[in-house]
Amino acid sequence: MINPSMPPAHPPESKEKTVLSQESPKIKILVIPHQPHRNLKVRAIEMARFLASDSRYQVFTLTWETDANPYSNFPEKLLGKTAGLCKSMHIPQSITEESGVHWVRLPYMLTPYPACQWFNQRQLSRFVAEQGIQLVISGNAYHFPMPQNNGIHRIYDVVDDHLSPGSGPAWRKTRQFTLRELRKTDQIMTISHALQAELEKVGFAQSHYVPNGVDYAAFTQANPAAIEAIRHQYQLHDRFVIGYIGNHGWWSGLALLMDAFQKLQAQHPNRCKLLIVGPGEELAHYRQQTTSNPDIIFTGPVDPQSVAGYFHVSSIGVLPFQQCPFTDNAMPLKILEYGAARKTV
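Cut-off values and rules
- Just so you know, the residues in each chain are numbered from 1, in the order the chain's sequence is written.
- With the structure being a predicted model, the display of local features is reserved for residues of pLDDT at least 70 and the display and counting of side-chain atom pairs for 80 or more, all residues being used for whole-chain, interface and lining totals.
- As a rule here, side-chain values cover all heavy atoms of the structure and leave hydrogens and water aside.
- In this analysis, rings of Phe, Tyr and Trp, with Trp reduced to its six-membered ring, are considered paired at centre separations within 6.5 Å, and the interplanar angle assigns stacked below 30 degrees, edge-to-face beyond 60, and tilted for intermediate values.
- Secondary structure elements follow DSSP: runs of H or I of four or more residues count as helices, runs of E of two or more count as strands, with numbering from the N terminus.
- Burial here depends on accessible area, computed with a 1.4 Å probe over protein chains only, as a share of the maximum for the residue type. Under 20% is buried, over 50% is exposed, and the range in between is partly exposed.
- The pairing criterion for strands is at least two bridges between them, as found by DSSP.
- Every residue pair with non-hydrogen atoms within 4.5 Å of one another is taken to be in contact.
- Throughout, the arc means that of the directions going from the helix axis to the C-beta atoms.
- When the strands point away from the viewer and the path from the first strand over the helix to the second turns clockwise, the crossover is right-handed.
- A 3.5 Å cut-off defines polar contacts: any pair of N or O atoms within that distance qualifies, except that in protein one atom must be a possible hydrogen donor and the other a possible acceptor, and neighbouring residues in sequence count only when both atoms are side-chain atoms.
- As used here, the term nonpolar core means buried Ala, Val, Leu, Ile, Met, Phe, Trp, Tyr and Cys residues forming a set that is joined through side-chain atoms within 4.5 Å.

Engineer: Quick question: what am I supposed to make of the packing of aromatic side chains here?
Structural biologist: For any pair of aromatic rings, the description consists of the separation of the ring centres together with the inter-plane angle of the planes. Evaluated as defined, the whole model comprises nine aromatic pairs. Between the aromatic rings of phenylalanine 60 and phenylalanine 127, the centroid separation amounts to 5.7 Å while the plane-to-plane angle is 80°, which identifies the pairing as edge-to-face. Highlighted residues: phenylalanine 60 in strand β2 (residues 57-62) and phenylalanine 127 in helix α3 (residues 115-131), separated in sequence by 67 residues. The burial state of phenylalanine 60 is the same as that of phenylalanine 127; both residues are buried. For the ring pair tryptophan 64 and phenylalanine 144, a centre distance of 4.5 Å and an interplane angle of 45° mean the geometry is tilted. Of this pair, tryptophan 64 sits in the loop between β2 and α2 (74-89) while phenylalanine 144 sits in the loop between β5 (135-138) and β6 (153-158), and the two are 80 residues apart along the sequence.

Shown next as structure tokens:
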């Protein structure tokens, strides 16, 4: 997942062959993902797992919780956000190792801007100093600025278009954040040539194209028993299943999808099911709207190791994204996964 043409984050070896002893210290890497969902195939988290499989690296990955509560009114939202803020600011620092990756929880804030960014950067700077981190890889564009500690190497991974005007509801904030991160980074990665072009427009001509990938074997070596269990659980036998798998945020186009599915149902009653898999801030609203429709299924988050089965039970995959610069310049992982599972999109 790391482009071979990128300069190494540590000094190059001399021309003489060097044999590393078993006692050689590992290079310590901190990964700050663009979203913390461990129950999704997230680019930065998959990168962390890949790097952790190499004995030369010790990999730490930041994790936090997002607020997905379906608040019904502003006072309820204000109370909920305030309670969440008080809780998150006082959580104890912890490190939990799982499959070679060290998951890091630090005190954090998600609101208000820009106080949360100042607070989170202080926490990250302290952690980097305590642990002796040498390399930071970040894809975050909202809350967690990369620390500015001297002596560390920084790579910023541009995974979404937060640079183009109109690229999202809070595009001015995310653009400002992204530009600050780009100015202090040592290397820039990005997922598409379209995003490389956007970077060049704002003065960053040197970036490394590192496209998204897919675990091809996981999607081609189907587990018949797991697939049958999913069909049984959601009563999908003898139905045409429309699958929408991923993280469902403001861009996901669920309103368009719901409308299209209900029209399809009217034309073909009792023949189709809509299977919406994964987490997302938009789901609570649409769950409430469709409680009386048994053919619209929200599974919620699923284990990334099991997600291939949900692609296989789908008859067809959909990607009803809202059209805007944010989605126009994206390279969604789910497109590759649909293809690997041999599904039409």
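Engineer: Quick question: what am I supposed to make of the sheet that holds strand β11 (residues 296-300) here?
Structural biologist: In sheet architecture, strand pairing relies on hydrogen bonds along the backbone and comes in two forms, parallel and antiparallel. Pairing is parallel across the open sheet formed by four strands, whose spatial order is β11-β10-β9-β12. Edge positions in the sheet fall to β11 and β12 (316-317), since each of these pairs with one other strand and no more. Sheet topology places strand β9 (residues 240-245) next to β12; two bridges connect them, and they run parallel. The partner of isoleucine 242 across the bridge, within β12, is isoleucine 316.

Engineer: Please explain the environment of glutamate 181 as it appears in this structure.
Structural biologist: Locating glutamate 181 in the fold gives a position in helix α4 (residues 171-184). Its relative accessible area of 2% is what places glutamate 181 among the buried residues. Residues glutamate 181 and proline 147, spaced 34 residues apart in sequence, show a C-alpha to C-alpha distance of 9.8 Å. Apart from residues no more than four positions distant in its own chain, glutamate 181 is found in contact with Phe144, Pro145, Met146 and Tyr156.

Engineer: What am I meant to see in helix α5 (residues 193-201) here?
Structural biologist: At 3.6 residues per turn, the α-helix brings residues three or four places apart onto the same side. When we look at burial in α5, the residues that qualify are Leu195, Gln196, Glu198 and Leu199. Within α5, the buried residues cover an arc of 160° as seen down the axis, which keeps them to one side. Exposed side of α5, more than 90 degrees from the buried face: His193, Glu200 and Lys201 are the residues found there. Immediately beyond the C-terminal end of α5, within one or two residues, lies glycine 203, with a positive phi of roughly 100°.

Engineer: Help me understand the pairing of β9 in this model?
Structural biologist: Each regular strand displays side chains that alternate between the two surfaces of the sheet. In terms of burial, β9 is a largely internal element, five of the six residues being buried. Examined bridge by bridge, β9 and strand β10 (residues 272-277) share six bridges and lie parallel to one another. Its bridge partner being in β10, isoleucine 242 is matched across the sheet by leucine 274. In the classification by handedness, the crossover that spans β9, the intervening helix α8 (residues 254-267) and the parallel β10 is right-handed.

Engineer: Explain the side chain of glutamine 35 here, please?
Structural biologist: Locating glutamine 35 in the fold gives a position in the loop between β1 (27-32) and α1 (43-52). Separated by 3.1 Å, the side chains of glutamine 35 and histidine 34 make a polar contact.

Engineer: Got a minute to help me understand the nonpolar core in this structure?
Structural biologist: The nonpolar side chains of a soluble globular protein tend to be buried with one another. Counting 38 residues, the largest nonpolar core has Leu236, Leu274, Leu275, Ile276 and Tyr310 as the members making the most contacts within it. Listed by contribution, the elements that provide at least two residues to this core are α7 (224-233), β9, α8, β10, α9 (283-289), β11, α10 (307-313) and α12 (333-340). For leucine 274, the contacting residues outside a window of four places in its chain are Ile242, Leu257, Met258, Phe261, Asp295, Ile296 and Ile297. With 30 residues, the next largest nonpolar core counts Ile32, Leu106, Phe127 and Leu179 among its residues.

Engineer: Help me understand the side chain of asparagine 212, please; the structure alone is not making it clear to me.
Structural biologist: Tracing the sequence through the fold places asparagine 212 in the loop between β8 (208-209) and α6 (216-220). Looking at asparagine 212, its side chain comes within polar contact range of the side chain of arginine 43, at 3.0 Å. Sequence-distant contacts of asparagine 212, that is, excluding residues within four places in its chain, are made with Arg43, Ile191, Met331, Leu333 and Leu336.

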